[in-house]
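Observations on the three-dimensional arrangement
These are the residues of each chain, in order.
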Amino acid sequence: MLVVACIKQVPDTTQVQIDPVTNTLVREGIPFIVNPYDTHAVEAALRLKDEFGFRVAAISMGPPNAEATLRRALAWGVDQAILLSDRAFGGADTLATSRVLAAAIERLSAEEEVGVVICGKQTIDGDTAQVGPGIATRLDLEQLTLVDRVEAFDQKGRTIRVRRKLEGRHEIVEAPLPVLLTVVRELNRPRYPSVPMRLASQEAEVQVWDNKVLKLNVEEIGLKGSPTWVSRIFSPERDKGEIVGDGVNDPEGAADLLIQKMLEKDLLTV
Amino acid sequence: MTSHTTLFAPLLIASVAFFCFSLYRRLALVRLGQPEDRFDHPGRRLQEMLRYAFAQLRVVQRPFGLNHFVIFWSFMILALANAEFLVNGVIPQASLAALPEGVHHLLLLAFDFVSIFALVAVCFSLARRLFFKPDYLDSRYVKARSLEGFLILLFIALLMVAYFGMHGALLAMGEDPGAAPFMPVSRFTASLLAPFGNQLPGVAELFWWIHALVLCAFICLLPRSKHMHIITAIPNCYFGSLEQPNTQPRERFEKGETFGVGQVDGFTWKDLFDGFSCTECGRCQDACPANNTGKPLNPRQIVHAIKMNLMENADDLAAGKKPHLPLIGAEGEGTNTEDAIWSCTTCGACMEVCPVLIEQMPKIVKMRRHLVETEARFPEELLNLFENMEQRSNPWGIAPSERTKWHGPMDVQRFEAGQTEYLLYVGCAGSFDSRTKHVTVALATVLNAAGISWGILGKDEKCCGDSLRRLGNEYLFDKMAKENAALFTERGVKKVIVLCPHCLNTLKNDYRQYGLDLEVVHHSELIESLLEAGRIKLHDGAKELGKVAYHDPCYLGRHNKVYDAPRAVVAAATGKAPAEMERNRDNSFCCGAGGGRMWMEEHQGDRVNHHRVDETLKQSPDTVCVACPYCMTMFEDGLKDRGKPEVRVRDIAEIVAEGLRPKA
């Protein structure tokens, strides 16, 4: 069985600034990282590999330099890395992206049965959380989103039971394979690549699939296939904060006030 | 006494053969280690050997070491007497008596005196072991070998007694009356033995045999016990590290290489030789902050475990098999627990006190390298640190664009080669840590007051990588060091001011391995020279700080030998020399944050900073002066924990900055 982890290279958003004139992201000199949620997706896939001996493939759609992200996945221990890269894929929204990823997974499944597809809950640059469900829809997979624990994986019965992290509660759900999971950070602690694995990953093959391989209708992918587009990016005006309470003279009162405010905002539960 | 030749000769030959065999067996094990060049600079090495092995400089730093000094030198002088004894026992014609009479008598006088000194010293040692044994003499596995200690002391005592017995008996028989005036102690034993009358030849014979048998037993025991140090300690001092400080070597990151040491033959031959040079005196154990606070690390045990692991796995290694006893991770005498390996603060106290220059700390870092680089196994809190370092080049993962926020509205120039004299390398703590940012501002104020030309790299500054190197993540350190070396070269940086001793050590010493020869100065050194040159005019603002106690940071003091400058600065600013803690200067006690421990939880034992804070509070200071951001954190936390938040912690730059203004 093949487990597919979908990963994305994203700009380190803590370092991204918005150009006040053009209202676009200033990407120059900003380092790229593996989307943090996706690191948990890869880890989840590798744990299935460790336990059941499945093969793991990591796929990523992006420009040629996104190869670095796939090399990182190879260093973590994935068996196969595929970069989906073509000018025709560029400018895609979540719908067009999910079409390309779904086509790649379909192509993989022609050679080996894909039992589980795992995505991060969302990316830190787009924050839509739509690509995972989009892939599930395109491929007609069961979708289990916001997974924070894999409760059981039944290889024989071909089912998976997971816990979903919802606001204020958890939900335990079970689905038959094949299945798509989107995962949250609480799911696991990603492993750290050893040096031998890093060195091996530098020499390992990253396959590149372009649209000649995937043969998708160019009207359905990239900018052309995207019904949504970004018209403007801007930093929201933030109201100036105010200092409440008197932490210097009345620290206990200030602490009480803080707790009160946190309870009001549902940041604390009693 | 020619009669014993026939019996003694085969006995001696057998003992010497056994000695050579045992010694060869052990030293052959050392050859399983990796190559390391410790044969360079013979002149300097000879000096080190004379200082530490022959003059016993480290040994005598503790009062009881004087006793060892006496035994050592008795041993050296009596080696001649014993050599004569052994040769003479086989070839009766060979004797020191063949020397000119004056020389011979002088030697006899020396032997007589030295023997009684040795006897007294050995009695002291026995008494110490029996009645006032210091805690650090024992460790988990050493108690079992206390018997060995007693046996050796007994052997030495017996040799001395036999020497006096034999010579006393001979003198009482009236042999060599010309020598009698030169043997006062033997003359005394002669008077005691005189009543034996015509049985004296038998008494002399008896003592001769005691001497002979003990000597042979000693020869046989030597290479099989911790007293092997008698043979190995002197060369160990010769082959000691000439690197000051003792930093970690680079690694090659190529396929097929091994990373760190996970199997005993991954250590260098010198690492293994250290094991056979250890006398188990326990001084490293006594100095170690981890050991002092109930952590599972004992530097002596690290050295001992490596030796035992080597001996236990000798057959496997010789046969090219995987060793059956793991070096890391098992329980027992010849293995190291991971907890022990992670407890080290790399403060260097163990190496500073070792009388025979054993290098404990580098061995620990080598094993950390194996765990991090090959096994990717480490305490979980380090994962964030490693990722933050790799992605954002600082321990907290703060955006590099925030590196300049420390100076607020202050006008700070960028470093420009040719226009700016010094680069102020702010460092991660100086840039991001809310408390240390005040130190950076204070330092900037002082530099401006002195009219120094300085600038910063701003957002382009990167972490130096100190914690990564000490934690064994050499792969990432290597990457960061290369980036920094390229950056410094590109910007034409030559002179650097740092406010963190860890940056100091890394930039100044570690980066030399990357071809970067910078003139790096810690702010305490620079401020001292500025004060000396009269470029800083101090008022008496710093006098309000009250009684100031100074804490030596390990990486400023022990590792880089800067002890006087910070003290001089405090004295100049406050008008009074700082109060000294019980353990100070090269004997200073770590705050607990070095070696990457800053980023780890302290789950076991007491907190190291609590011990240091308690020691500091004995001086009842109003202010603790530190010179390192890590020490700052550890002291502030420790003082809060101990209910003493009113005791201020100030960096040396802050004290000087206070001194710039008049008293309020």
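Note that this is a predicted model, so its numbers are computed, not measured.

1. Quick notes on the packing of aromatic side chains
The full count for this structure, using the stated rule, is 32 aromatic pairs over all chains. Ring centres of Phe54(B) and Phe72(B) lie 6.0 Å apart, and the angle between their planes is 65 degrees; this geometry places the pair in the edge-to-face category. On the criterion of sequence distance, the pair formed by Phe54(B) in helix H2 (residues 42-54) and Phe72(B) in helix H3 (residues 65-90) is long-range, its members being 18 residues apart. This pair shows no difference in class: Phe54(B) is buried, exactly as Phe72(B) is. Chaining the aromatic ring pairs together yields one cluster made of Phe39(B), Tyr238(B), Phe239(B), Trp269(B) and Phe273(B). The lysine or arginine in question, Arg185(A), covers the ring of Tyr37(A), its NZ or CZ lying 4.9 Å from the ring centre.

2. Thoughts on helix H9 (residues 269-277) of chain B
The element H9(B) is largely enclosed, with a buried count of 9 among its 9 residues. Elements in contact with the buried residues of H9(B): helix H1 (5-30), helix H8 (229-238), helix H12 (299-312) and helix H16 (360-374) of chain B.

3. Topic: the interface of chain A and chain B
Many descriptions give the size of an interface as the accessible area lost when the pieces come together. Each partner contributes residues to the interface: chain A has 17 residues there, and chain B has 20 residues. In this assembly, chain A packs against chain B so that about 1,800 Å² is buried in total across both faces, 56% of it on carbon and sulfur atoms. If you sort the residues of chain A by the area they bury against chain B, Arg189(A), Tyr192(A) and Val195(A) come out on top, with a joint share of 37%. On inspection of chain A and its partner chain B, the count reaches 6 salt bridges. For Lys255(B), the salt bridge identified is with Glu203(A), shortest N-O distance 3.2 Å. One can count 9 residue pairs in polar contact (both at pLDDT 80 or more) joining chain A with chain B. Broken down by element, the residue count for the side of chain A that touches chain B peaks at 6 residues, all from helix H5 (residues 195-203) of chain A. Among the residues making up the side of chain A that touches chain B, the classes are represented as 8 nonpolar, 4 polar and 5 charged.

4. So, the UniProt feature "transmembrane region" (unreviewed entry) in chain B
Residues and elements named next belong to chain B. Listed under "transmembrane region" (unreviewed entry) in the UniProt record, and renumbered for this structure, are residues 6-24, 64-83, 103-127, 147-166 and 206-222. Across residues 64-83 one finds 95% helix and 0% strand; the C-alpha atoms that close the span lie 29 Å apart. For the annotated span residues 103-127, helix accounts for 100% and strand for 0% of the residues, and the straight-line distance between the end C-alpha atoms is 36 Å.

5. So, H12(B)
Each full turn of the α-helix corresponds to 3.6 residues, which orients residues three or four apart in the same direction. Residue and element names in this part refer to chain B. Between the first and last C-alpha of H12 there are 20 Å, a value that for 14 residues agrees with the 20 Å anticipated at 1.5 Å per step. In terms of residue burial, H12 counts as a mostly covered element, since 11 of its 14 residues are buried. Those residues of H12 that fall on the buried side of the exposure criterion are Pro299, Arg300, Gln301, Ile302, Val303, His304, Ala305, Ile306, Lys307, Asn309 and Leu310. Capping of H12 at its N-terminal end is provided by Asn298; its side-chain oxygen lies 3.0 Å from the backbone amide nitrogen of Arg300.

Definitions and cut-offs
- Residues numbered from 1 in each chain as written.
- Chains lettered and ligands numbered in written order.
- Predicted model: local features only at pLDDT ≥ 70, side-chain atom pairs only at ≥ 80, totals over all residues.
- Heavy atoms only, no water.
- Phe/Tyr/Trp six-rings, centres within 6.5 Å; stacked < 30°, edge-to-face > 60°.
- Helix = DSSP H or I, 4+ residues; strand = E, 2+ residues; numbered from the N terminus.
- Buried < 20%, exposed > 50% of the residue type's maximum accessible area, 1.4 Å probe, protein only.
- Lys NZ or Arg CZ within 6 Å of the ring centre and 35° of its normal.
- Contact = heavy atoms within 4.5 Å.
- Buried area = accessible area lost by both parts, 1.4 Å probe.
- Salt bridge = Lys/Arg side-chain N within 4 Å of Asp/Glu carboxyl O.
- Polar contact = N/O pair within 3.5 Å; in protein donor to acceptor, adjacent residues only side chain to side chain.
- Nonpolar A, V, L, I, M, F, W, Y, C, P; charged D, E, K, R; others polar.
- UniProt positions renumbered as here; feature names shortened; annotations may be inferred.
- Expected span 1.5 Å × (residues − 1).

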